[in-house]
Amino acid sequence: LAALLALAGYIVANQYVANRLRRELTAVGEAATLSGAKLPEISIGPGNTLSASAVDWLPVGAPAPWYAGLERPGFLVDGDELWLAVPRARNGSVCLLRLTDPDGPWLQQLADRTGYEVGVDVGTSRHDGANFTVDSKPRDPGISVGARKQRSGAEAIRRRPREAPPAGGSIWRGEWVHAFYLETALNAVAEKIESGTNVAVVTGVTSPQVIYRQLFTQGVDEISGVFRIAVLLLVGIVLAVYALALAVAFVLVGSIARSVNQLTRATRAIARGDFSVRVNSRSPDQIGDLARSFDGMAASIERLLLDTARKERLEGEIAIARTIQQKLLPAPEARLEGVSVLAHFAPMAEIGGDYYDYLRMPDGRLAFAVGDVSGHGLPTGLLVAMAKAGLSTLVEAGHEGGELFARLNELIHRSTDPRHYMTLTLLAYDPRTREGVLTNAGQLAPYRVSGSKVEALSLPSFPLGLFPARTFPSRPETFAAGDLVVFFSDGLVEAVDANDEAFGFERFESVLRANASEGAPALREALLAAVAAHSGGRPPDDDRTILILTLDGPAGAETP
């Protein structure tokens, strides 16, 4: 920025000095014609030809096409000599000032009027499309014109202002600003361009101080102080803003570097497995936002790892609980006194809510139970375990029927909330008489299959655990040899297909009728196959439990 401003300032100063040189040189020429000084003159006749001439290099009768463009003082060249042609509007004559005359006063007047060290020269301009060059030959002001035309290594003619202060050594007072004014000579067309005499070169050398005074000094010298103060104030403001920008940039770079370093260290810590590291950046910029996002990510990963560890631990505990639950259930196949037992238990989750059991009562009868606890998962498994323990204890204590269910209801209601309840059906069966007592608490009615006859042993009631005190119905049932008693949970009849149509009781009963004569194993497989075909491989929405009793004679018993 500083280099750009310096270059722009130098270009502006060069243009200002060049324009001042041309303006003051015009004023010098016009003043010379009005001063009465004896100047060489030429007159232009009809057809722009010379009718009179006081110089031999412009003979009478020679064409002067350049006169048509002479609206103000212009330059003429004669070899290495530079002349200023000043038109006289009154009589059509042109006065000539020889600017390259070392004894002439014109350059000194120009230097005094501008305040610059000035010089004049004749040069050659060449333009090749991409470059513009001007070549000039320096000359020595102390030799004659003829001698100057013969020598090429001399100094150019230069003049300093007579009242100019001595040049100072500082940048402000030093005369190091070089400017030049170029103008094509009026008679350049008549001259040979290749001879190098078609461009007038006026140069000026001055100091920044002189240019400043000329720019800002008016009729009162003190006015320049006002401009100087304004410029200094503007420079001060710019420098202050620049310094502030540098400070802000330094702070930002430092903040960014610190944040990036903290992020790097935190990233390496996380790569080592330390997810507790935090950057804790308070920076309000985007790097700070990134650091805070990094902290959030690290916290999320840490929580995820903790949750994963807890999940793995919980899954291990659930697997153990599943194993325990499986061990709490009796064997799926058993041959008891007068009864063959065949069961199927398929929990939907790791720990199921369905329950089946068979056990001997104190009076020698057999108790068969199927239940379903609301919900799934570990709480349900705990409630199933509690219900099994309670049921076993109450049966061994000699409780049965509605009184048994009432006590079990009180235990479940006291141990859980109404959101968790249990449906249960129990058949107390005497294999010697083939008579039994059925008690139900909201569980689906079991089916009795006698030959091709399928009968639902319906006994409606509320589930266990919903109310603190309830009575549960019991009803005696009489069975015949070869009868099948089918207990099941709602996961079978509520299995749905792709259109959400349930398997239903009608299909269930149809399978029972079609396969009852095949025996309990075939009936169990037919029921499971029919439900699977209906759901079309869709994962089960609930636990599925089947308990099939095959009733036969009293002989050949195996104690459970």
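The structure contained in this document is the topic of the report that follows.

1. Thoughts on the nonpolar core
So, step 1. In this structure, Val-341, Phe-368, Leu-547 and Leu-549 are the most contacted members of the largest nonpolar core, which totals 45 residues.
So, step 2. Listed in part, the 34 residues of the second largest apolar core include Leu-82, Val-86, Ala-200 and Ile-211.

2. A closer look at the layout of surface pockets
So, step 1. As a volume, the largest pocket reaches approximately 810 Å³.
So, step 2. Along its surface, the largest pocket is lined by 19 residues, and Gly-9, Trp-172, Tyr-212, Val-231 and Val-235 are the ones closest to its centre.
So, step 3. Per element, the largest residue contribution to the lining of the largest pocket is six residues, and it comes from helix α5 (residues 223-271).
So, step 4. Residues belonging to the lining of the largest pocket are distributed by class as follows: 17 nonpolar, one polar and one charged.
So, step 5. The volume enclosed by the second largest pocket comes to roughly 350 Å³.
So, step 6. Elements with a minimum of two residues in the lining of the second largest pocket: α2 (106-114) and α4 (208-216).
So, step 7. Element by element, the count of residues in the lining of the second largest pocket is highest for α4, at four residues.

3. With respect to helix α7 (residues 378-396)
So, step 1. Here α7 contains 19 residues, and its C-alpha end-to-end distance of 27 Å stays within 8% of the 27 Å for a straight helix at 1.5 Å per residue.
So, step 2. Those residues of α7 not exposed but buried are Thr-380, Gly-381, Leu-383, Val-384, Ala-387, Lys-388, Gly-390, Leu-391, Ser-392, Leu-394 and Val-395.
So, step 3. Positive phi shows up at Gly-398, right after α7, with a value of about 95°.

4. Some details on the sheet that holds strand β3 (residues 74-78)
So, step 1. The strand order across the open sheet formed by five strands is β2-β1-β5-β4-β3, and the pairing between neighbours is antiparallel. At either end of the open sheet lies a strand with only one pairing partner, and these are β2 (49-53) and β3. If you compare each strand with its neighbour and ignore which way they point, the axes differ by 35° on average.
So, step 2. For strand β1 (residues 41-45) and β2, the ladder comprises four bridges, and the chain directions are antiparallel. Each bridged residue has a counterpart across the sheet, and for Gly-45 the counterpart in β2 is Thr-49.

5. A few points about the pairing of β3
So, step 1. With five of five residues buried, β3 lies mostly within the body of the structure.
So, step 2. Of the two faces of β3, both are covered, the one formed by Gly-74, Leu-76 and Asp-78 as well as the one formed by Phe-75 and Val-77.
So, step 3. Strand direction decides the pairing type here: β3 and strand β4 (residues 81-87), joined by five bridges, are antiparallel. Looking at the pairing, Phe-75 lines up with Leu-84 of β4.
So, step 4. Counting the residues that bridge the hairpin from β3 to β4 gives two residues, and of these Gly-79 lies at a positive phi of roughly 65°.

6. Side note on the sheet that holds strand β13 (residues 354-360)
So, step 1. Read from one edge to the other, the open sheet built from five strands follows the order β13-β14-β15-β16-β19, with strand pairing classed as antiparallel. Taken across any chain shown, the strands that pair with only one partner, and hence form the sheet edges, are β13 and β19 (474-478). Strand-to-strand twist in this sheet, taken as the mean axis angle between neighbours without regard to direction, amounts to 15°.
So, step 2. Across six bridges, the pairing between strand β15 (residues 422-430) and strand β16 (residues 435-441) is antiparallel. Following the sheet pairing, Leu-426 is matched in β16 by Thr-439.
So, step 3. Where α7 meets the sheet, its contacts fall on β13, β14 (366-373) and β15, and the angle it forms with β13 comes to roughly 20°.
So, step 4. Helix α8 (residues 401-415) rests against β15, β16 and β19 of the sheet, and its axis sits at about 150° to β15.

7. What about the packing of helix α1 (residues 2-34) against α2?
So, step 1. In the contact formed by α1 and α2, the axes pass within 9 Å of each other and the chain directions differ by 125°. In this view, α1 runs oblique relative to α2, as classed from their interaxial angle. The hand of the α1/α2 crossing is right-handed. Taken together, the residues of α2 that come into contact with α1 (itself represented by Arg-20, Leu-21, Glu-24, Leu-25, Ala-27, Val-28 and Ala-32) are Trp-106, Gln-109, Leu-110, Arg-113 and Thr-114.

8. Brief notes about the pattern of salt bridges
So, step 1. Under the criterion given, the structure shown has 28 salt bridges.
So, step 2. Arg-475 is the salt-bridge partner of Glu-477, the closest N and O atoms lying 2.7 Å from each other.

9. Some thoughts on the environment of Gly-9
So, step 1. By the secondary structure assignment, Gly-9 is in helix α1.
So, step 2. A residue is classified by how much of its surface remains accessible, and Gly-9, at 38% relative accessible area, is partly exposed.
So, step 3. Separated by 360 residues in sequence, Gly-9 and Ala-369 have C-alpha atoms that sit 106 Å apart.

10. Some thoughts on the packing of aromatic side chains
The geometry of two aromatic rings is summed up by the distance between their centres and the angle between their planes.
So, step 1. All told, the structure shown has eleven aromatic pairs when counted by the stated rule.
So, step 2. With a centroid separation of 5.5 Å and an interplanar angle of 45°, the aromatic rings of Trp-57 and Trp-83 are classed as tilted. One end of the pair, Trp-57, is in the loop between β2 and β3; the other, Trp-83, is in strand β4, and 26 residues separate them in sequence. Each member of the pair Trp-57 and Trp-83 is classed as buried.
So, step 3. Grouped by ring-pair contacts, the aromatic residues Trp-172, Tyr-212 and Phe-216 constitute a single cluster.

11. As for the side chain of Glu-477
So, step 1. Note that Glu-477 resides in strand β19.
So, step 2. Note on Glu-477: relative accessible area 9%, which makes it buried.
So, step 3. Looking at Glu-477, its side chain comes within polar contact range of the side chain of Arg-475, at 2.7 Å.
So, step 4. Once residues within four sequence positions are removed from consideration, Glu-477 is found in contact with Arg-434, Glu-435, Gly-436, Leu-438, Arg-448 and Leu-457.

What counts as what
Residue numbers restart at each chain and count upward from 1, following the sequence in its written direction. The model is predicted, so local features are restricted to residues of pLDDT at least 70 and side-chain atom pairs to those at 80 or more, both for listing and for counting; the totals for chains, interfaces and linings are taken over all residues. Side-chain numbers here rest on the full set of heavy atoms in the structure, without hydrogens or water. Side-chain atoms within 4.5 Å are what join buried Ala, Val, Leu, Ile, Met, Phe, Trp, Tyr and Cys residues into a set we call a nonpolar core. Note on classification: 1.4 Å probe, protein chains only; a residue is buried when its accessible area is under 20% of the maximum for its type, exposed when over 50%, partly exposed between these limits. Residues are called lining when one of their atoms sits within 4 Å of a cavity or pocket point, these points coming from a 1 Å grid over the protein atoms alone, where a cavity is a set in which a 1.4 Å probe fits but cannot get out and a pocket is an open set with protein on both sides within 12 Å along at least five of seven lines. Grid points are joined across faces, edges and corners, and a volume is the space filled by probe spheres set on the points. Strands are runs of DSSP state E lasting at least 2 residues, helices are runs of H or I lasting at least 4, and numbering of each runs from the N terminus. We call Asp, Glu, Lys and Arg charged. Ala, Val, Leu, Ile, Met, Phe, Trp, Tyr, Cys and Pro are nonpolar, and the rest, Gly among them, are polar. A helix is expected to span 1.5 Å for every residue after the first. A pair of strands counts as paired when DSSP detects no fewer than two bridges linking them. Helix axes are fitted to C-alpha atoms over the stretch in contact, other axes to C-alpha atoms as well, and angles between N-to-C directions run from 0 to 180 degrees. Whether two residues touch is decided by their heavy atoms; if any such pair falls within 4.5 Å, the residues are in contact. Comment on the angle field: the value is read as roughly parallel under 35 degrees, roughly antiparallel over 145, roughly perpendicular from 65 to 115, and oblique elsewhere. If you view the pair so one helix is near and one far, a crossing is left-handed when the near helix is turned anticlockwise from the far one by less than a right angle, and right-handed when it is turned clockwise. We define a salt bridge as a contact between a side-chain nitrogen of Lys or Arg and a carboxyl oxygen of Asp or Glu at a distance within 4 Å. Aromatic rings from Phe, Tyr and Trp, taking only the six-membered ring of Trp, are treated as a pair when their centres fall within 6.5 Å; an angle between ring planes under 30 degrees marks them as stacked, one over 60 as edge-to-face, and anything in between as tilted. For the purposes of these results, a polar contact is taken to be a pair of N or O atoms within 3.5 Å, where, inside protein, one atom must be able to donate a hydrogen and its partner to accept one; residues adjacent in sequence count only when each atom of the pair is a side-chain atom.

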